[in-house]
Amino acid sequence: MGTNINPVIENSWKTMLSGEFDAGYFIELKSFLLEEKKKYRIYPPGSEIFAAFNYTPFDHVRVVILGQDPYHGQGQANGLCFSVRDGVPKPPSLKNILKELNDDLGIPVPTNGNLEKWAHQGVLLLNATLTVRAGQAGSHQNKGWENFTDAAIRKLSDEKENLVFVLWGNYAQAKIDLIDLSKHYIIRSPHPSPFSADRGFFGSKPFSKTNHFLQQKGLGTIDWDLS
């Protein structure tokens, strides 16, 4: 992110979140990250920290899928929640997401787990925390990122209408307080993790529900097929 308070983030988001970059919490967050980088490997790489925003400009957002943390394994995180780089084995939660996609819409399970195609169509794949220390899940939580991503969710809720917010698991569902439920459509279920997928994630049909809502509103559907 460099030493200045001028991160590389897509222009519409930069405008919407302009007040955040000079906020005290963000300046402290940058100092924390600079110190972390001196001692540890951080994921994703600096150029991909804001990938969710860069792939999906504010004006293009139609769907928001909320995650918690980037993957902390080598080469996994690419700045989009639940997504991995091309050629990287799919983590368990992602496998379950793609299994549900197959069950829901009959789309074959892809060999690849890179979700960039969704992001390009207006699916904001946003983690609450945008960085992590290699090998240490949750290591960058409560350092300021949540303030930033909460601000992004609030802006989406306030400035847009008829968004689909997909909230998997308790952590994501806690963000419901940031969303105007009179203007937006909420899809919630247990998390796709192997620990909870059998408790209601499987069979929840989030992909067909999303497309049905978007179609009703005349907003066009998402092509969820990653092949």
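Everything in this summary refers to the structure shown in the same document.

Rules used throughout
Residue positions are given per chain, counted from 1 along the sequence in the order it is written. At least 70 in pLDDT is required for a residue's local features to be given in this predicted model, at least 80 for side-chain atom pairs to be given and counted, and no such filter applies to totals for whole chains, interfaces and linings, which use all residues. Water and hydrogen atoms were dropped before computing side-chain values, which therefore reflect all heavy atoms in the structure. In these notes, a set of buried Ala, Val, Leu, Ile, Met, Phe, Trp, Tyr and Cys residues joined through side-chain atoms within 4.5 Å is what counts as a nonpolar core. Summary of the burial criterion: residues with accessible area below 20% of their type's maximum are buried, those above 50% are exposed, and those between are partly exposed, where the area comes from a 1.4 Å probe applied to protein chains only. The secondary structure listing takes helices from DSSP runs of H or I that are at least 4 residues long and strands from runs of E that are at least 2 residues long, numbered from the N terminus. For this analysis, residues touch if any pair of their heavy atoms sits within 4.5 Å. In protein, a polar contact requires one atom able to donate a hydrogen and another able to accept it; more generally it is a pair of N or O atoms within 3.5 Å, and residues adjacent in sequence count only if both atoms are side-chain atoms. Whether a set of points on the 1 Å grid over the protein atoms alone is a cavity depends on a 1.4 Å probe fitting there but being unable to get out, while an open set qualifies as a pocket with protein on both sides within 12 Å along at least five of seven lines; lining residues are those with an atom within 4 Å of a point. Grid points are joined across faces, edges and corners, and a volume is the space filled by probe spheres set on the points. Following the grouping adopted for this structure description, the nonpolar residues are Ala, Val, Leu, Ile, Met, Phe, Trp, Tyr, Cys and Pro, the charged ones are Asp, Glu, Lys and Arg, and the polar ones are all others, Gly among them. Lines fitted to the C-alpha atoms define the axes, with helices restricted to the stretch that makes contact. Angles between their N-to-C directions range from 0 to 180 degrees. By the definition adopted for this analysis, an angle is roughly parallel if under 35 degrees, roughly antiparallel if over 145, roughly perpendicular if from 65 to 115, and oblique otherwise. In this analysis, the expected span of each helix is defined as 1.5 Å times one less than the number of residues it contains. Note on aromatic contacts: the rings of Phe and Tyr and the six-membered ring of Trp form a pair at centre separations within 6.5 Å, being stacked when their planes are under 30 degrees apart, edge-to-face when over 60 apart, and tilted otherwise.

For the rest of this paragraph, the subject is the nonpolar core. Core analysis: the largest hydrophobic core is formed by 69 residues, its most contacted members being W13, F53, I65, W118 and F148. Among the elements that take part in this core, helix α7 (residues 145–159) stands out by supplying six residues, more than any other. Apart from residues lying up to four places away in sequence, I65 is in contact with C81, F82, W118, V123, L124, L125, L126, V166 and W168.

Attention now moves to the environment of Q121. Note on placement: Q121 falls in the loop between α6 (116–120) and β3 (123–127). Remark: the alpha-carbon pair of Q121 and T221, spanning 100 residues in sequence, is separated by 9.1 Å. Q121 has contacts with R62, T221, I222 and D223, leaving out every residue within four places of it along the chain. A polar contact is formed between the side chain of Q121 and the backbone nitrogen of D223, at a distance of 2.8 Å.

Within this structure, the stated rule accounts for two cavities of 30 Å³ or more. The calculated volume of the largest cavity comes to roughly 40 Å³. What lines the largest cavity is simply P44, I49, P70, G79, L80, N127, T129 and L130. Of the residues assigned to the lining of the largest cavity, the class counts are five nonpolar, three polar and no charged. Space inside the second largest cavity adds up to approximately 30 Å³. Taken together, L66, G67, A128, I153, Y171, A172 and K175 make up the lining of the second largest cavity. Listing elements by their share of the lining of the second largest cavity, those giving two or more residues are β2 (63–67) and α8 (169–173).

For the rest of this paragraph, the subject is the environment of Q136. With respect to the element layout, Q136 can be found in the loop between β4 (132–133) and α7. Taking relative accessible area as the criterion, Q136 reaches 36% and is therefore assigned partly exposed. When the C-alpha atoms of Q136 and I42 are compared, they prove to be 9.9 Å apart, with 94 residues separating the residues in sequence.

Put simply, helix α3 (residues 24–39) and α7 touch, their axes get as near as 9 Å, and they point 130 degrees apart. As the angle between them shows, α3 and α7 are arranged oblique. Along its contact with α3, which presents Y25, F26, L29 and L33, the element α7 presents W145, N147 and F148. In terms of residue class, the contact of α3 with α7 is made up of six nonpolar, one polar and no charged.

Compared with an ideal rise of 1.5 Å per residue, which puts 15 residues at 21 Å, α7 spans 21 Å between its outermost C-alpha atoms and is within 8% of the ideal. Looking at α7, one finds that the buried residues are W145, E146, F148, T149, D150, A151, A152, I153, L156 and S157.

As a further point, take the layout of surface pockets. It is the rolling of a water-molecule-sized probe over the atoms that shows where space remains empty. As a volume, the largest pocket reaches approximately 620 Å³. Lining the largest pocket are 32 residues; nearest its centre among them are D69, Y71, F82, S93 and H191. Mapped by element, the contributors of at least two residues to the lining of the largest pocket are β2, α5 (92–105) and α8. Considering every element that reaches the lining of the largest pocket, the biggest residue donor is α8, with four residues. Broken down by class, the residue content of the lining of the largest pocket amounts to 15 nonpolar, 16 polar and one charged.

With that settled, the discussion passes to the packing of aromatic side chains. Geometrically, a pair of aromatic rings is defined through the distance of the ring centres and the angle of the planes. On inspection of all chains with the given rule, the structure shows 19 aromatic pairs. Aromatic pair F50 and F148: ring centres 5.8 Å apart, planes at 65 degrees, arrangement edge-to-face. Placement of F50 in the loop between β1 (42–43) and α4 (51–55) and of F148 in helix α7 is noted, with a sequence separation of 98 residues between them. Assessed through its relative accessible area of 3%, F50 is described here as buried. Ring centres of F53 and F148 lie 5.8 Å apart, and the angle between their planes is 75 degrees; this geometry places the pair in the edge-to-face category.

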